[in-house]
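A closer look at the structure
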4 protein chains.
Amino acid sequence: MKDILDKAAQIKLVVFDVDGVLTDGSLYLADDGQEYKAFNSRDGHGMKMLQATGVELAVITGRTSKVVEHRMASLGIEHVFQGQRHKLPVFETLIAGLKLRMEQVAFVGDDVVDLPVLRRVGLAIAVQDAHPLVKSHAHWQTPSNGGRGAARDVCEFIMQAQGNLDAQLGAYLL
Amino acid sequence: MKDILDKAAQIKLVVFDVDGVLTDGSLYLADDGQEYKAFNSRDGHGMKMLQATGVELAVITGRTSKVVEHRMASLGIEHVFQGQRHKLPVFETLIAGLKLRMEQVAFVGDDVVDLPVLRRVGLAIAVQDAHPLVKSHAHWQTPSNGGRGAARDVCEFIMQAQGNLDAQLGAYLL
Amino acid sequence: MKDILDKAAQIKLVVFDVDGVLTDGSLYLADDGQEYKAFNSRDGHGMKMLQATGVELAVITGRTSKVVEHRMASLGIEHVFQGQRHKLPVFETLIAGLKLRMEQVAFVGDDVVDLPVLRRVGLAIAVQDAHPLVKSHAHWQTPSNGGRGAARDVCEFIMQAQGNLDAQLGAYLL
Amino acid sequence: MKDILDKAAQIKLVVFDVDGVLTDGSLYLADDGQEYKAFNSRDGHGMKMLQATGVELAVITGRTSKVVEHRMASLGIEHVFQGQRHKLPVFETLIAGLKLRMEQVAFVGDDVVDLPVLRRVGLAIAVQDAHPLVKSHAHWQTPSNGGRGAARDVCEFIMQAQGNLDAQLGAYLL
C-alpha cells in the first residue's frame, strides 16, 4: 500500500474510461436513436475537488455520444477523446502534448480494451466490478463499482496520497 | 436515541438536498442536453404526509434542472433553491424569512457540500449511503439509501417523534 | 399456506397498484415534464398468462401518466384507473360493475395508500419491499420486490392455486 | 462440465433473447410512447470479440422496438427477428438458411417463451436470474444476471471452449 500511495503521489493527470467507470456500463438507448447515460453526482464532486488541487483530468472512450460532451463540459474537463477503438495512440499524443511522463499519469478502466493504456501508466486503477483480467493488471482497485462512486474513490485516494484531501474536505467544515 | 427524538420533536422545517438524497445520485443525461432524475414514489407520499402535519419542506441543491421544479411543484414544495454552490447563505436567508431557530430545522444530505448547513441545524441527517464524513457529522442516519426510501424514513421518523405518525398512517386503516 | 391457497383459488380479478408494484417505485422525470416508468418484461408475460386462464386484471394508481395507458393497452388490460388519491370508491365501483364479491378479488400493493382496498379484498398481497404496515396487513408477500418480478410471482401463485400453472407453463414444453 | 465445454466447442451461431438477457428485463416507457432499453457496454464488447472469432450472432424477441434495431446495427448483428410471439418457426427458418445443425447452435434465454427453442439447441443457456423452469432446462447458467454481464459470460465461455479466448484477450496485452 505504501508503494501504491507513492505512485499516487506523483500523479498529475488522471484518465478515465467512460462506460463502466463513470457509469455502471448501462447504455440507455431510445427508439429515436438518442443515447443516455447515468453519471453519478458524488463522482462529479470528487472530480471537481481533484481538479482544484491542480491535477488534470481526461476521458478516452471507444464509443461516441453527445451526452459525454455535455457531462465533461459541465465538469470542466477539456481532454475528451471519443470514438477511440484503440486508446493507446490518442493517449500517447495526449501525454506528449502535456509533457508528462508515464509515472505522472493514472488510468481508470473496467474492460479489456483499457489494458493497452492501463499497463503503461504509473498508476493503473480498476473499478471494483471490472473484468478479472483488468483487475489483475491494476495497481489499485476502487472499493466502489463503476458509476456508483468509483471515480470519487479515485479522486479521494489521489488527494490523500498528495496530502490534499484534508484541505479539500476541511473547507466544508469551517 | 431519546436525545435524537427530542431534537426531532422540535422540527418545523426539513431541508433536503436533491441528488443522492431524493435520488440515488444518478444523473441521467441525454444527447440533446436534457436531464432526467429518478425520484421515489414512497418518498413522495412521506413528504406529503409530513407536510399535512404542519412541517414545512424545502430543497437546496447545487445543480440546476427543470426536472427538480416539476417534482417539487407536484409535491407542493414552495422553497426550492437550485444552483447553490454554497448552500449556507441561501439556507440562512430561508430560516430568517421563516423566523425559525436552528433547533427547529432538520437537514438531510449525502455529500461534503452539505456539511456547512448540516453542522448548524438542530437535527442533522445523513442518508445510509452518504459520504463517511457526512455520516460522522449526522445526528441520525436513515436506514434506507438515497432515492430508495431515505426521505420516507426521515418523514416517518419526525412524525413519530412529534406524535403524529399513528394518526397519519391510521387514516388508511379506517 | 393451505388457507391462502384456498383464498387464491377463488380469485377472478387481480387489481395492481402501479408505482412500487409494477415498477420499483422510481419516477423518472425529464426537464420537459415527460414521465417515464420501468416496467418488467417477465411481469408482463405473467400477466398475459393469468389473463389467458380467465382471470381479469385491473390497475388503480394515485398518479396519472400517459405511460401507464401505453403499458396497460399493450398488456390488454381494460380496467385502468389513474389519478385516484382515494382508491376505495373506484375499487368498489369496479367490483360492483363486474358483479364480484370481495372473496373473488386480490389486490397487490406496496404503500399505505393501498391499505383501504387491501384490507377489504379476499386476497391481500404485499410486494417484498412494501411498507411494513402494508406487509403486516397482507395475506401473502411476494418473494420478489416491486418491478423486479413481484407481479409475476402473483400471477404464478394464483395460477398454481387454481390448478392452471402447469398447463400455462407446459405449453412451452411441447 | 467437460460435456458442456464439448457442446460449446461446436457452436457456430449464438441466438440471444433480448429483454431479460441483453437487458435486466426493464422496459422503460415514456409518456409519448417511446421505448428505451439499457444495454450493457461489456456485453457489447464480448459480442464483438465472439463475432471476430467467426461465430455468428442473432436475436429473436417477442417484442418490437426501434431501439433493438439501433443496438444490433451498432454491434454488426444482421439476424434480428422482432415481434416473434412464437420463436420456434423463425428460429428453424434461420438455421435452415444458415445450413446449421442443432448441435452448432446455442440459445440464451430467461423466460418460458424461450423454452421451445432452448430445449432444441445444442447448447441451452439460462441467465442467472432466469425463470426456474428455464434454468432447469439449460445446460449452463451464466454467473451474471441478464443485462449485467450475462451475454459477456456467454461469449467468453464459448471462446474458451473453442480455444479462442486467450488470443482475443491477449491482443490487449501486447
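Everything quoted here is computed from the prediction, not taken from an experiment.

Calculation notes
- One numbering rule holds for all chains: residues counted from 1, following each sequence as written.
- Chain labels run from A onward and ligand labels from 1 onward, assigned in the order the entries are written.
- Per-residue local features of the predicted model are confined to residues with pLDDT of at least 70, and side-chain atom pairs are confined, for both listing and counting, to 80 or more; whole-chain, interface and lining totals are unaffected and use all residues.
- Derived side-chain values reflect all non-hydrogen atoms in the structure, with water molecules and hydrogen atoms excluded from consideration.
- Copy-to-copy superposition: least squares on the C-alpha atoms, limited to residues that have pLDDT of at least 70 in both copies.
- Every residue pair with non-hydrogen atoms within 4.5 Å of one another is taken to be in contact.
- Buried surface area refers to the total accessible area, computed with a probe of radius 1.4 Å, that the two partners give up upon joining, counted for both partners together.
- Think of a salt bridge as a Lys or Arg side-chain nitrogen and an Asp or Glu carboxyl oxygen that are within 4 Å of each other.
- Strands are runs of DSSP state E lasting at least two residues, helices are runs of H or I lasting at least four, and both sets are numbered from the N terminus onward.
- Burial classes follow relative accessibility: with a 1.4 Å probe on protein chains only, a residue under 20% of its type's maximum area counts as buried, one over 50% as exposed, and anything between as partly exposed.
- Any two strands with at least two DSSP-identified bridges between them are counted as paired.
- Note on method: axes are straight lines fitted to C-alpha atoms, helices fitted across the in-contact stretch only, with angles between N-to-C directions ranging 0 to 180 degrees.
- Comment on the angle field: the value is read as roughly parallel under 35 degrees, roughly antiparallel over 145, roughly perpendicular from 65 to 115, and oblique elsewhere.
- By definition, turning the near helix anticlockwise from the far helix through less than a right angle yields a left-handed crossing, and turning it clockwise yields a right-handed one.
- Only Asp, Glu, Lys and Arg are considered charged, only Ala, Val, Leu, Ile, Met, Phe, Trp, Tyr, Cys and Pro nonpolar, and every remaining residue, Gly among them, polar.

What to know about the relation of the copies chain D and chain C
With an RMSD of 0.0 Å, chain D superimposes on chain C once it is rotated by 90° and translated 0.0 Å along the axis. Expressed as an axis order, the relation between the two copies is that of a four-fold axis. Interface residue correspondence from chain D to chain C reaches only 11%, placing this contact among heterologous pairings that use different surfaces.

Things to note about the interface of chain D and chain C
Opposite the 27 residues of chain D that make contact, chain C presents 25 residues. Across the chain D to chain C interface the summed buried area is about 2200 Å²; carbon plus sulfur atoms make up 50%. The largest contributions to the chain D side of the interface with chain C come from Leu27, Leu29 and Asp31 of chain D, which together make up 29% of the buried area. For the pair chain D and chain C, the interface holds 4 salt bridges. Between Asp111 of chain D and Arg152 of chain C there is a salt bridge, with its nearest N and O atoms 2.7 Å apart.

Some thoughts on the pattern of salt bridges
Close approach of charged atoms allows side chains with opposite charge to pair. Inspection of the entire model under this criterion finds 51 salt bridges over all chains. The partner of Glu35 of chain B in a salt bridge is Arg63 of chain B, and the shortest N-O contact between them spans 2.7 Å. One end of the pair, Glu35 of chain B, is in strand β3 (residues 35-40); the other, Arg63 of chain B, is in the loop between β4 (56-60) and α3 (66-74), with 28 residues separating them in the sequence. On the accessibility criterion, Arg63 of chain B (25% relative accessible area) is partly exposed. With a shortest N-O distance of 2.9 Å, Asp17 of chain D and Lys87 of chain D are connected by a salt bridge. Taken together, the positions of Asp17 of chain D in the loop between β1 (13-16) and β2 (26-30) and Lys87 of chain D in helix α4 (residues 87-97) put the pair 70 residues apart, joining distant regions of the chain. You can call Lys87 of chain D buried: its relative accessible area is 4%.

Brief notes about the interface of chain D and chain A
Taken together, the contacts link 25 residues of chain D with 27 residues of chain A. Buried surface at the junction of chain D and chain A, both sides included, amounts to about 2100 Å², of which 50% is carbon and sulfur. Among the residues of chain D in contact with chain A, Arg42, Tyr172 and Leu173 of chain D are the three that bury the most area, contributing 28% of the side total. Summed over the shared surface of chain D and chain A, the number is 4 salt bridges. Elements with a contribution of two residues or more to the side of chain D that touches chain A: β3 (35-40), α2 (41-52), α3 (66-74) and α7 (150-161) of chain D. Here the side of chain D that touches chain A takes 6 residues from β3 of chain D, the largest share from any one element.

Regarding unusual backbone geometry
The phi angle at Lys99 of chain A is positive, at roughly 55°, despite the residue not being glycine. Structurally, Lys99 of chain A can be placed in the loop between α4 (87-97) and β6 (105-109).

Focus: the pairing of strand β2 (residues 26-30) of chain A
All names here are of chain A. Among the 5 residues that make up β2, 5 are buried, leaving the element largely enclosed by the rest of the structure. Across the two faces of β2 the burial is the same, with Ser26, Tyr28 and Ala30 and Leu27 and Leu29 all buried. Bridging between β2 and strand β3 (residues 35-40) involves 2 bridges; their strand directions are antiparallel. Bridge pairing in β3 links Leu29 to Glu35.

So, the relation of the copies chain D and chain A
The transformation that overlays chain D on chain A combines an axial shift of 0.0 Å with a rotation of 90°, and the residual RMSD is 0.0 Å. Little of the interface of chain D is mirrored in chain A, where only 12% of its interface residues again form contacts.

Points about the packing of helix α2 (residues 41-52) of chain A against helix α7 (residues 150-161) of chain A
Residue and element names in this part refer to chain A. Closest axis-to-axis distance for the α2/α7 pair is 7 Å, and the angle between their directions is 25°. In this view, α2 runs roughly parallel relative to α7, as classed from their interaxial angle. Handedness of the crossing formed by α2 with α7: left-handed. Contacts from Arg42, Asp43, His45, Gly46, Met47, Met49 and Leu50 of α2 reach α7 at Ala150, Ala151, Arg152, Cys155, Glu156, Ile158 and Met159. A per-class count over the contact of α2 with α7 returns 8 nonpolar, 2 polar and 4 charged.

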